[in-house]
Amino acid sequence: SIRGMFAMAKRGGDTDGEGANGRRQRAKGGGRGHGSVVPIECGGLGSTPTRLGAALWDFAERAPDPAPAAATAPPGSDAGAMASFEEPSPALELRRSQLMAQFRASYAKACDEVLGLEKPPNDSVDRWLLEQLAQSRNGTRSADPMLPHPTIASSSRVLLRELLAEVPLRCPTRAFGQPALEALRTYHGSAKRWLDRVPEGPADLVQAVRELGVWLRESTSQVQGRRKAEDCPFKSKLHELSREGGLSSRFQASVEPLALQVIDLVNRAAETMLSELRRFALSDAPSGEVSLDVGDDLVGSAAVLRYDGDEVRISALHYRKLRTLYSSHNPMPSGSDAVGDWEKAFRRRLYLMARRYITFIGLDPSEDGARGGNMHAAAPESVFAWLKTEFDVGYECFASPLNCYFSTFFSAFPDVDAPFGSRGSFFDVEALPEGSYEVGPPYTEEVLELMARKLLSLLQHGASLALSFFVFVPDWPGAGGLNLMDGPSFAAYRRSRHGGPFALAKGREHHYITGVQFFADAGANAARRYYTVPHGTRVYVLQNDEGAKRWPFSEAHERTLLEKLRPPLPT
């Protein structure tokens with residue numbers, strides 16, 4: 001599912017192909033090219049919507065809770081789902097969203113004023129947030145749920161690499177021919193501007209930029225008649241510029257002191273935001289009630305949550321899903337007064353959860369959903385239904401109430417997700433109960449590596465239990481987490497049957513559910529809900545010996561799994 005925390009599909013400083021930014025947008029949600037127009041069958045009130053016979057969600061069964069045991073929950077609530085984070089008030093959550101918007105604006109201003117960037121590197125704030133959330137929070141439960149490690153940029157080079165990757169320009173190293181020539185011209189112009197920003201720019205940089213300009217003037221005619229990428233001098237020059245020791249890395253070494261100034265501003269802005277949140281939480285600010293308006297038409301209408309001038313819109317289809325999910329963990333009581341209290345609590349918790357994720361993603365669901373969606377993409381329901389039938393999968397290791405298929409899952413924000421079935425963060429769990437799990441992490445190299453190490457620990461320490469994991473990750477050769485899963489440490493646990501360490505769904509031959517599936521303009525619109533994935537997706541089947549005995553994985557299973565990922569053809 002990347003699902004869960006949401007997914008990013010980007011590699012640090014990556015310059016491959018269409019660029020990390022474009023690939024990341026499309027890799028995990030809301031990208032170009034929706035895969036199918038097979039419609040969604042909404043059914044009557046109380047029924048679960050389906051597509052080609054597969055339910056869009058399955059909340060019929062509940063998986064056992066992992067260790068550590070959850071904290072004591074209030075009477076009448078789902079004790080297993082309650083995390084030890086304190087549920088915020090709507091007023092505090094709204095203030096968080098306002099402060100986060102201010103933080104993003106301050107960061108953009110610093111990138112402009114200090115580094116001369118027209119806008120921050122795409123998704124760099126998201127990666128900064130995700131890296132914090134991927135750290136274990138055991139023992140730090142008093143930390144802010146969204147910024148548990150606000151100064152992580154000082155100890156990690158992730159954000160620094162993102163900033164430096166823009167210097168002097170990200171190189172699209174798969175481009176060739178005229179596009180590569182245009183990229184080189186843009187690169188050269190940017191490099192000349194950067195020379196004015198680098199204090200006392202080294203003479204060798206000045207000379208290298210001058211030589212690049214001469215080379216461009218002399219080589220422009222070579223664009224004619226060359227068609228193959230391997231013969232393209234412009235493609236070769238882009239590789240030369242971006243490789244280790246090339247002009248880009250030499251520029252970056254000179255610019256790093258400026259980038260560190262931005263890092264310092266980020267740290268100070270994050271700590272200021274947390275100080276304000278702590279002050280606000282202690283201020284006894286009045287917190288009014290959340291109102292809710294729900295349309296009747298699942299296909300075209302929206303559910304609108306309102307609180308103190310703030311408005312959150314989600315599709316009517318998703319409202320049905322979230323109400324069903326909440327009810328499965330918090331059964332509606334009898335008696336008019338109790339029902340009224342239940343409805344009031346549901347509206348408040350629905351607002352808190354939706355507002356948190358909208359703040360985190362940085363998108364406004366009242367705007368066109370096609371403009372974003374790099375968060376929360378998921379494998380299609382046909383895959384989840386098949387995994388449940390064939391392998392008893394009933395638990396998602398990276399999900400949220402917005403994109404989960406099953407009623408129990410791990411998620412990034414248990415303080416607002418717990419009433420909807422979250423068992424906390426996957427990175428906080430110390431042991432898993434015997435079972436079969438789906439794993440779809442956020443697509444950043446840092447999170448992929450932390451996930452791989454966590455899975456290895458769980459498999460090694462759970463030898464007496466039957467454990468099985470279906471892991472969906474991008475096909476990024478060389479990424480640290482994937483190298484680990486390909487290597488000897490995982491050899492005893494890999495169950496792929498075609499001879500390699502993983503099964504591969506080829507790019508543009510499989511589809512996913514968009515990350516903005518809950519937006520009001522998506523909902524039951526299949527053309528907006530699904531998209532064709534442009535990159536390859538690896539599927540690792542990892543099982544210990546007991547898991548392999550309980551759920552044997554065959555060549556036929558591997559073929560069927562890849563087939564379930566393919567976009568269905570309209571009938």
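These figures come from a predicted structure and were not determined experimentally.

Visitor: Can you lay out the sheet that holds strand S4 (residues 291–294) for me, pointing to particular residues and giving the numbers?
Guide: Pairing is antiparallel across the open sheet formed by 3 strands, whose spatial order is S4-S5-S6. The open sheet has two edge strands with one neighbour each: S4 and strand S6 (310–315). Averaged over all pairs of adjacent strands, the angle between strand axes in this sheet comes to 15°, irrespective of strand direction. Relative to S6, strand S5 (residues 302–307) runs antiparallel, the two sharing 6 bridges. By the bridge assignment, leucine 305 is partnered in S6 with valine 312. Against the sheet, helix H10 (residues 316–329) makes contact with S4, S5 and S6, and its axis sits at roughly 90° relative to S6, the strand it touches most.

Visitor: So what's going on with the confidence of the model for the protein? Residues and values would help.
Guide: Across the protein, the average pLDDT comes to 86, with 85% of residues at 70 or higher. Note that pLDDT drops below 50 for residues 1–10; the model gives that stretch 89 contacts with residues more than four away or on any other chain. Considering only residues more than four positions removed or in separate chains, one finds that residues 13–36, a stretch of pLDDT under 50, has 95 contacts.

Visitor: Give a detailed account of the packing of H10 against helix H11 (residues 336–361), specifying residues and quantitative values.
Guide: Viewed as axis vectors pointing N to C, H10 and H11 meet at an angle of 120°, and their least axial separation amounts to 11 Å. By the angle between their axes, H10 is oblique relative to H11. H10 and H11 meet at a crossing whose hand is right-handed. Where H10 abuts H11, its residues Tyr319, Leu322, Arg323, Tyr326 and Ser327 lie against Trp342, Glu343, Ala345, Phe346, Arg349, Leu350 and Met353. In terms of residue class, the contact of H10 with H11 is made up of 8 nonpolar, 1 polar and 3 charged.

Visitor: So, the pairing of strand S8 (residues 435–439): which residues are in play, and what are the values?
Guide: Among the 5 residues that make up S8, 5 are buried, leaving the element largely enclosed by the rest of the structure. Of the two faces of S8, the one holding Gly435, Tyr437 and Val439 and the one holding Ser436 and Glu438 are both buried throughout. Summarising the sheet, strand S7 (residues 393–396) and S8 pair through 3 bridges and their orientation is parallel. When the sheet's bridge partners are listed, tyrosine 395 is paired in S8 with tyrosine 437. Direction of pairing for S8 relative to strand S10 (residues 467–474): parallel, over a ladder of 5 bridges. Note that in S10 the partner of serine 436 across the bridge is serine 468.

Parameters at a glance
- Residues numbered from 1 in each chain as written.
- Predicted model: local features only at pLDDT ≥ 70, side-chain atom pairs only at ≥ 80, totals over all residues.
- Heavy atoms only, no water.
- Pairing = 2+ DSSP bridges.
- Helix = DSSP H or I, 4+ residues; strand = E, 2+ residues; numbered from the N terminus.
- Axes fitted to C-alpha atoms, helices over the stretch in contact; angles between N-to-C directions.
- Contact = heavy atoms within 4.5 Å.
- pLDDT = per-residue confidence, 0-100.
- Parallel < 35°, antiparallel > 145°, perpendicular 65-115°, else oblique.
- Left-handed = near helix turned anticlockwise from the far one by under 90°.
- Nonpolar A, V, L, I, M, F, W, Y, C, P; charged D, E, K, R; others polar.
- Buried < 20%, exposed > 50% of the residue type's maximum accessible area, 1.4 Å probe, protein only.

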